[in-house]
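Inside the fold
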Amino acid sequence: QVQLVESGGGLVQPGGSLRLSCAASGFTFSRYAMSWYRQAPGKERELVALITSTGATTYADSVKGRFTIFRDNAKITVYLQMNSLKPEDTAVYYCKTVNFWGQGTQVTVSS
């Protein structure tokens, strides 16, 4: 069955960086778009970034220029490189493909 396992979250100071990973299994990874969503306390889940099977990318306006989504089809993994982190980036970050979700990883940006 489809499994998505996120890792790489944690506590970071404002201005810092983190790289999230999402290890996938149970489907032909290279054929599908992959995306990262996030959900902050009291807010709806929102799309952060998406990468298609051909490598085209889309970003939320709030993260453009700071976050980068990329994939390694050989490692069956999608990544989210997050730079210049802000307190408002604090959320649980989820990996998604089609209608399958990972369990999420917490990112906290605080001094």
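Residues numbered from 1 in each chain as written. Predicted model: local features only at pLDDT ≥ 70, side-chain atom pairs only at ≥ 80, totals over all residues. Heavy atoms only, no water.

1. Details of the overall build of the protein chain
Across its full length, the protein chain carries zero helices and 11 strands. The order of helices and strands in the protein chain, counted from the N terminus, is β-β-β-β-β-β-β-β-β-β-β. When each of the 111 residues of the protein chain is scored for burial, the buried share is 41%. Considering only residue pairs separated by 6 or more positions, the protein chain has 52% of its internal contacts joining residues 24 or more positions apart. Of the roughly 5900 Å² of accessible surface on the protein chain, a fraction of 49% belongs to carbon and sulfur atoms. The average position of the 11 basic charges and that of the 7 acidic charges among the side chains of the protein chain differ by 6 Å. (Helix = DSSP H or I, 4+ residues; strand = E, 2+ residues; numbered from the N terminus. Buried < 20%, exposed > 50% of the residue type's maximum accessible area, 1.4 Å probe, protein only. Contact = heavy atoms within 4.5 Å. Areas by Shrake-Rupley, 256 points an atom, 1.4 Å probe, with all protein chains shown as cover. Lys, Arg positive; Asp, Glu negative; His and termini not counted. Charge placed at Lys NZ, Arg CZ, Asp CG, Glu CD.)

2. Observations concerning the packing of aromatic side chains
Per the stated rule, a full pass over the model turns up five aromatic pairs. Both rings, one in Phe 27 and one in Tyr 32, keep their centres 5.8 Å apart while their planes meet at 75°; by these two values the pair is edge-to-face. By relative accessible area, which is 37% here, Tyr 32 ends up partly exposed. Summarising the aromatic geometry, the rings of Phe 70 and Tyr 79 are spaced 4.9 Å apart at their centres and angled 20° between planes, so their arrangement reads as stacked. The class for Phe 70 is partly exposed, based on a relative accessible area of 27%. Feature note: the residues Phe 27, Phe 29 and Tyr 32 constitute an aromatic cluster, connected by ring pairs. Over the ring of Trp 101 we find Arg 45, and its NZ or CZ is 4.5 Å from the ring centre. (Phe/Tyr/Trp six-rings, centres within 6.5 Å; stacked < 30°, edge-to-face > 60°. Lys NZ or Arg CZ within 6 Å of the ring centre and 35° of its normal.)

3. Thoughts on a nonpolar patch on the surface
Together, Tyr 32, Val 98 and Phe 100 give the surface a local cluster of nonpolar side chains, amounting to about 280 Å² of exposed area. Within the secondary structure, Val 98 sits in the loop between β9 (91-97) and β10 (100-101). (Patch = residues over 30% accessible without salt bridge, like charges linked within 9 Å, V, L, I, M, F, W, Y side chains within 5 Å. Salt bridge = Lys/Arg side-chain N within 4 Å of Asp/Glu carboxyl O.)

4. Some thoughts on the sheet that holds strand β1 (residues 3-7)
Across the sheet, which stays open at both edges, the four strands sit in the order β1-β3-β8-β7 with antiparallel pairing between neighbours. Edge positions in the sheet fall to β1 and β7 (67-72), since each has one partner strand and no second. Going from strand to strand, the sheet's axes swing by 15° on average, the running direction of each strand aside. Of the pairings in the sheet, the one linking β1 to strand β3 (residues 18-25) comprises five bridges and is antiparallel in character. Bridging from a neighbouring strand, Gln 3 pairs with Ser 25 of β3. (Pairing = 2+ DSSP bridges. Axes fitted to C-alpha atoms, helices over the stretch in contact; angles between N-to-C directions.)

Geometry only, nothing functional implied.
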